[in-house]
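# Survey of secondary and tertiary structure
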Amino acid sequence: MAIPCWFMRGGTSRGPFFRATDLPSDPGARDAVLLAVMGSPDPRQIDGLGGAAPLTSKVGIVGHSDRADADLDFRFAQLQPDSDVVDTTANCGNMLAAVVPFAVESGLLAPRGDTTTARVHTLNTGLTAEITVATPRDGTGPGRHVAYAGDTHIDGVPGTAAPVTVNFLDTAGSVCAALLPTGRTRDRVTVEGVGTIEVTCIDNGQPLVIIDAADLGRTGAESVAVLNADTELRGRLEGLRLACGALMGLGDVTSKNYPKMTLVAPGTHGGTISTRSFIPHVCHESIGVLAAVTVATACVLDGTVAHAKATGAKADRVPDNAPDNAADNSAPATITVSVEHPAGEFSVELGLEPGAGEGEPPRVTRSALVRTARLIMAGDVLVPGHLHPGHLYATSPEEPQR
């Protein structure tokens, strides 16, 4: 059975994208198709499109939205090479960056001018983002296309490409019940075999447990290969993750891809903070978009583990160019936090508003960043026919733009 498929890179992740109408509506049947598409479970994913790593075992599913405040609905699916679980409960900000380019390429969205902005609703968690891509004219004709060539570089991706601007709207408590699901900026967690560790449990788009690398006897500057080979550290992190998952109101997270465990240390290359992020059992080659947003948020909240490690003027809660009355948290402000990761740096712009009461921390109302995306392949992916019975085009989807 041939299913229309657009293979996209979004930020530092990649995977196949599908129109929702081209996949089975039943979640179980849909997941069986996705497992066949990716070649899971198999460590090499040799019989599918997966890249034998979590960052390349991702899927995007996009359709028109019925919501008044959104143009598109996006469902993200995280697969694992050696697992038959399809997780649609978490977010992925990198794959999100490819949604609007995909929607134009697949005929779901018509270009709206030299740039096209669409509001995307993520079905996984309810997160909404405004995404803008370049859609110049096709020469002198009336048609337009997504521009992929450009001068924007993001660490973790070779070369340059056209920018994709992602503006997240009020992402606090995307999976958890609140930005600080325990109600505290810092918790002391005791786990047998690990000891007592101070952590910050936070969710501003991605549930994270933030830990001072030094508290686990690490510098936070170790390479990905060294950390992935560190079985003692990974065992301790998993013990903490299970304990913190319950503490954050997430229940038993044994089979879940969150919370992510993030080691932090002072920035070493001019950034605000240095990170090593586990997703959740292997170290990320860089850092996820929403993980970076959540770490940046923690940097501006007094009392968090990240705030204690943040360095430089960019970590200041009130920037130099803020209004005069921002010093007492009485006016909105915008700051940029530079999050270092193994592949480089990630700048996150945060919009802040005053806290609800005297002494209350500022509220993060907006987070903006720049990613890039690229269409790698367009065509059909083949899966065993019994997984997707019936006529594929029964719903008469729109003809894709080529």
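Here, the structure is the one placed above.
This write-up is about the structure you can find in this document. (Residues numbered from 1 in each chain as written. Predicted model: local features only at pLDDT ≥ 70, side-chain atom pairs only at ≥ 80, totals over all residues. Heavy atoms only, no water.)

## Brief notes about the overall build of the protein chain
Across its full length, the protein chain holds seven helices and 16 strands. Rg of the C-alpha trace for the protein chain: 21 Å, near the compact-globule value of 21 Å for 402 residues, within the 12% margin. Judged by the C-alpha coordinates and their principal axes, the protein chain covers about 60 × 50 × 35 Å. Per-residue burial for the protein chain yields a buried fraction of 55% across its 402 residues. Across the protein chain, contacts joining residues at least 24 apart in sequence account for 61% of those joining residues at least 6 apart. When the accessible surface of the protein chain is totalled, it reaches about 16,000 Å², and 51% of it is carbon and sulfur. Across the protein chain, 30 positive and 45 negative side-chain charges occur, with their mean positions spaced 2 Å apart. (Helix = DSSP H or I, 4+ residues; strand = E, 2+ residues; numbered from the N terminus. Rg over C-alpha atoms; globule rule 2.2 N^0.38 Å. Buried < 20%, exposed > 50% of the residue type's maximum accessible area, 1.4 Å probe, protein only. Contact = heavy atoms within 4.5 Å. Areas by Shrake-Rupley, 256 points an atom, 1.4 Å probe, with all protein chains shown as cover. Lys, Arg positive; Asp, Glu negative; His and termini not counted. Charge placed at Lys NZ, Arg CZ, Asp CG, Glu CD.)

## Topic: the environment of Pro207
With respect to the helices, strands and loops of the structure, Pro207 is situated in strand β10 (residues 207–212). Taking C-alpha positions, Pro207 is 11 Å from Ala292, a pair spaced 85 residues apart along the chain. Dropping the residues within four chain positions of it, Pro207 is found in contact with Val175, Cys176, Ile202, Met248, Leu250, Tyr258, Pro259 and Lys260.

## Thoughts on unusual backbone geometry
Of note, the bond from Tyr258 into Pro259 is cis; its omega dihedral lies within 30 degrees of zero at 0°. Along the polypeptide, Pro259 turns up in the loop between α5 (231–247) and β11 (260–266). Note the cis peptide between Ile279 and Pro280, where omega equals -15°. One non-glycine residue, Gln45, lies in positive phi territory at about 50°. With respect to the helices and strands, Gln45 occurs in the loop between α1 (27–38) and β3 (58–64). Judged by its relative accessible area of 1%, Gln45 is buried. Positive phi values are uncommon outside glycine, yet Ala52 reaches one of about 65°. Judged by its relative accessible area of 40%, Ala52 falls in the partly exposed class.

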